[in-house]
Amino acid sequence: MSKQLLIRPQKTPLQGVISVPGDKSISHRAVMLASLAEGTSTIRRWLPAGDTLATLQIIQDLGVSVQIDKRSDIAWDLTIEGRGLHGWQTPTQPLDCRNAGTGMRLLAGLLAGQSFPSVLDGSEQLRKRPMRRITDPLSEMGANIEAENGRCPLAITPGQLHGIEYRMNVASAQVKSAILLAGLYAAGETRVYQPGPARDHTERMLQAMGVSVRTERDWVILPAAPEGGWRLRPLDLTVPADPSSAAFPLVAAAIVPHSQITIAGVGLNETRTGILDMLQAMGAELTVHNEHLSGGERLGDLTVSFSELHSTNVRGETVVRGIDELPVWAVATTQAAGVSQVEDAAELRVKEVDRISVLAGELRKLGVEMMESPDGFSVAGPLRLFGGEVDSHDDHRLGMSLAVAGLVTHGLTLVHDAGCIADSFPGFVEMMQSLGANMEWLDR
Ligand code: S3P
């Protein structure tokens, strides 16, 4: 059902201390790996969002028992009875990843190593996304995967896997993870070259579970399994707040006059903090405090205050470290003086939708002229935005970016098809309301 989100011009500052839901990347990985551990894992503050719930359902479809303590609508505690690397049961129907590219690509790596056949499928949106980036290296490892035109559904049948040396041409954590996870089932060593700092949550979690994966310069290396195969220790993990979700209130507070907010316990893994660098480079007043380590990940509280922003250019490693945050960063650039530009971000075109052209089209409806290039875009600010009707195109991050833009328009903004926000950020609207934001769901 299509849900609409109404945003009124924000005349009062955003203020308050909030926490945002758990990290999506870590939540996907935690349920997958816990289900393969030898023993019972405890995962606190797990993210119950559309994408991660699909992964949770899939591991249950694979015969894994999960106890769920629904602490709140945005944080669940899970107890997962691991069945060992070879303990999954043959699924009786196709496994539905819904809109989740991460779920599908990582699960493909794990399912390629199983002794039973399986089919991975997803929504119409996911059926349009490129899968050759994983089916090619997995096939090179000996996996049997059929995918028509390089798109899902993926039909996987048992194969004898062996390690490979693989050079990724884009820095993708999903591709790296699919290969490493298949590598758990492979004979010999698996080596993946990454041309940039792709997020490293898979490596950290595997290390915490006793797998001696290591990084040597730009290579990630999973050694040959010990005698008898890898055995994963159970996880005991509290999921950090997702920096990609934190990015929306952060940008909102940076552009709504006189705002000041604090977001507690945000994951600050170096491979994820590109947005902090981008905002600081624009002159945003942003401080990190209470830094600490938990479960092998760095966490901290973030305080951001409204400031006069100026333009900046973003490229290279910062793009990799902030790829999912570029749409909301684009909204910040509309309020910054000068021409802001991003390059090296062609990957944005193969996310849930083509995030460059769709965002340009939707922001244009609010009065923003976003110039597209093949691998990025530019915006000349500061701009006076007007209200209007826009559409998320069923992309959660675009839905939230447009909602943040709505706060600085001079008129009402209506975001159509906004229910998808819950794919990564359940409770987004309520959290923004708790900061004083003028947005509400419209019942139609
Ligand atoms: C993710 C990796 C990134 C990111 C996605 C989540 C992950 O994708 O955009 O939202 O959890 O591994 P790529 O690996 O395709 O760059």
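Engineer: Please provide a residue-by-residue account of the overall build of the protein, values included.
Structural biologist: A count of helices and strands for the protein gives 13 helices and 24 strands. Relative to its length of 444 residues, the protein is compact, with a C-alpha radius of gyration of 21 Å against a globular reference of 22 Å. Reported as C-alpha extents along the three principal axes, the dimensions of the protein are approximately 65 × 45 × 45 Å. A burial count over the protein gives 59% of its 444 residues as buried. Within the protein, residue pairs in contact and separated by at least 24 positions form 74% of the contacts whose partners lie at least 6 positions apart. In the structure as shown, the protein presents an accessible area of about 16300 Å², 47% of it carried by carbon and sulfur atoms. Taking the 39 positively charged and 52 negatively charged side chains of the protein as two groups, their mean positions are separated by 0 Å.

Engineer: Run through unusual backbone geometry, naming residues and quoting values.
Structural biologist: The linkage connecting Cys-152 with the following residue, Pro-153, adopts the cis geometry, with an omega of 10°. Within the element layout of this structure, Pro-153 appears in the loop between strand E8 (144-147) and strand E9 (154-157). Of note, the amide linkage connecting Gly-381 to Pro-382 takes the cis form, showing an omega dihedral of 0°. At Arg-45, a position not held by glycine, the phi torsion is positive, near 55°. With respect to the element layout, Arg-45 can be found in strand E3 (residues 40-46). Of note in the backbone geometry, Asp-344 takes a positive phi value of approximately 65° without being a glycine. Relative to the helices and strands, Asp-344 is located in the loop between strand E19 (338-342) and helix H11 (355-364).

Engineer: Could you give an account of the environment of Leu-206, naming the residues involved and the relevant values?
Structural biologist: Within the element layout of this structure, Leu-206 appears in helix H6 (residues 201-208). Sequence-wise, Leu-206 and Asn-290 are 84 residues apart; in three dimensions their C-alpha atoms are separated by 26 Å. When residues no more than four places from it in sequence are discounted, the contact partners of Leu-206 are Leu-33, Leu-184, Val-211, Val-213 and Leu-232.

Engineer: Before we move on, could you go through the pattern of salt bridges and cite the residues and values that matter?
Structural biologist: The full count for this structure, using the stated rule, is 29 salt bridges. Each of the salt bridges in this network shares a partner with another, and the network as a whole consists of Arg-129, Arg-199, Asp-324, Glu-352, Arg-355, Asp-395 and Arg-397.

Engineer: Account for the nonpolar core, with residues named and values stated.
Structural biologist: Nonpolar side chains in soluble globular proteins tend to be buried together. Core analysis: the biggest nonpolar cluster contains 75 residues, and Leu-326, Phe-428, Met-432 and Met-439 have the highest contact counts within it. If you tally residues by element for this core, the top one is helix H7 (residues 243-255), at 9 residues. Not counting residues up to four positions away in its chain, the partners in contact with Phe-428 are Phe-248, Met-400, Ala-403, Ile-421 and Met-439. Listed in part, the 68 residues of the second largest apolar core include Leu-110, Met-141, Ala-182 and Leu-222.

Engineer: Account for the pairing of strand E7 (residues 118-121), naming residues and giving values.
Structural biologist: Alignment of strand E6 (residues 95-96) against E7, held across 2 bridges, turns out to be parallel. Bridging across to E7, Asp-96 finds its partner in Asp-121. Between the parallel pair E6 and E7, the chain is carried across by helix H3 (residues 101-111), and the sense of this crossover is right-handed. By the bridge criterion, 3 bridges tie E7 to E9 in an arrangement that is antiparallel.

Engineer: Run through the environment of Leu-286, naming residues and quoting values.
Structural biologist: Along the chain, Leu-286 turns up in strand E16 (residues 285-294). If sequence neighbours within four positions are ignored, Leu-286 has contacts with Leu-276, Leu-279, Gln-280, Leu-302, Thr-303 and Val-304.

Engineer: Run through the confidence of the model for the protein, naming residues and quoting values.
Structural biologist: Overall, the predicted model of the protein reaches an average pLDDT of 97, with 100% of residues at or above 70. Ranking the helices and strands of the protein by mean pLDDT puts helix H5 (residues 173-183) first, with 99, and E16 last, with 95.

Engineer: Kindly report on the side chain of Thr-202, identifying the contributing residues and their values.
Structural biologist: Mapping Thr-202 onto the fold places it in helix H6. A distance of 2.7 Å separates the side chain of Thr-202 from the side chain of Ser-177, its partner in a polar contact. Among all residues touching Thr-202, those that are not within four sequence positions of it are Arg-29, Ser-177 and Leu-181.

Engineer: Help me get a handle on the sheet that holds strand E13 (residues 219-222), residues and values and all.
Structural biologist: A sheet is described by the order of its strands in space; here 4 strands give the open sequence E10-E11-E13-E12, paired in mixed fashion. Looking at strand neighbours, the two that pair on one side only are strand E10 (165-167) and strand E12 (214-216), the edges of this open sheet. When strand polarity is set aside, the average angle formed by the axes of neighbouring strands in this sheet is 20°. Where E12 meets E13, 3 bridges bridge the pair, whose relative direction is antiparallel. Following the sheet pairing, Arg-214 is matched in E13 by Ile-221.

Engineer: So what's going on with the packing of aromatic side chains? Which residues, and what values?
Structural biologist: Geometry of an aromatic ring pair is reported as the spacing of the ring centres plus the angle between the planes. Taken as a whole and assessed by the stated rule, the structure comprises 5 aromatic pairs. Pairing Trp-46 with Trp-76 gives two aromatic rings, centres 6.2 Å apart and planes at 35°, and the pair type is tilted. Here Trp-76 lies in strand E5 (residues 76-81) and Trp-46 lies in strand E3, a separation of 30 residues in the sequence. Judged by relative accessible area, Trp-46 falls into the buried class, the value being 0%. Take Trp-76: its relative accessible area is 12%, and that puts it in the buried class. Look at Trp-329 and Phe-377: their rings are 6.0 Å apart centre to centre, the planes differ by 45°, and that puts the pair in the tilted class.

Engineer: Could you give an account of the site of the ligand, naming the residues involved and the relevant values?
Structural biologist: The full set of residues close to the ligand is Ser-25, Arg-29, Thr-102, Arg-133, Ser-172, Ala-173, Gln-174, Arg-199, Ile-323, Asp-324 and Lys-351. Between Ser-25 and the ligand, the recorded distance is 2.7 Å, taken from a side-chain N or O atom to an oxygen atom. Between the ligand and Ala-173 there is a distance of 2.8 Å, counted from an oxygen atom to a backbone nitrogen or oxygen. Considering the ligand on its own, with 390 Å² of exposed area, one finds that the protein chains cover 94% of that surface. Contributions of two or more residues to the shell around the ligand are made by helix H1 (24-35) and H5. Taken together, the residues of the shell around the ligand sort by class into 2 nonpolar, 4 polar and 5 charged. Built from parts of two domains, the shell around the ligand gets at least three residues from each of domain 1 (3-21 + 240-443) and domain 2 (24-238).

Engineer: Requested: an account of the pairing of E13, with residues and values cited.
Structural biologist: Both faces of E13 are covered, namely the face carrying Trp-219 and Ile-221 and the face carrying Val-220 and Leu-222. The pairing of strand E11 (residues 190-193) with E13 spans 4 bridges and is antiparallel. Across the sheet, the residue bridging to Thr-190 is Leu-222, located in E13.

Definitions and limits used
- Residues numbered from 1 in each chain as written.
- Predicted model: local features only at pLDDT ≥ 70, side-chain atom pairs only at ≥ 80, totals over all residues.
- Heavy atoms only, no water.
- Helix = DSSP H or I, 4+ residues; strand = E, 2+ residues; numbered from the N terminus.
- Rg over C-alpha atoms; globule rule 2.2 N^0.38 Å.
- Buried < 20%, exposed > 50% of the residue type's maximum accessible area, 1.4 Å probe, protein only.
- Contact = heavy atoms within 4.5 Å.
- Areas by Shrake-Rupley, 256 points an atom, 1.4 Å probe, with all protein chains shown as cover.
- Lys, Arg positive; Asp, Glu negative; His and termini not counted.
- Charge placed at Lys NZ, Arg CZ, Asp CG, Glu CD.
- Salt bridge = Lys/Arg side-chain N within 4 Å of Asp/Glu carboxyl O.
- Core = buried A, V, L, I, M, F, W, Y, C linked by side-chain atoms within 4.5 Å.
- Pairing = 2+ DSSP bridges.
- Right-handed = clockwise from strand over helix to strand, strands pointing away.
- pLDDT = per-residue confidence, 0-100.
- Polar contact = N/O pair within 3.5 Å; in protein donor to acceptor, adjacent residues only side chain to side chain.
- Axes fitted to C-alpha atoms, helices over the stretch in contact; angles between N-to-C directions.
- Phe/Tyr/Trp six-rings, centres within 6.5 Å; stacked < 30°, edge-to-face > 60°.
- Near = heavy atom within 4 Å.
- Nonpolar A, V, L, I, M, F, W, Y, C, P; charged D, E, K, R; others polar.
- Domains from an automatic or database assignment.

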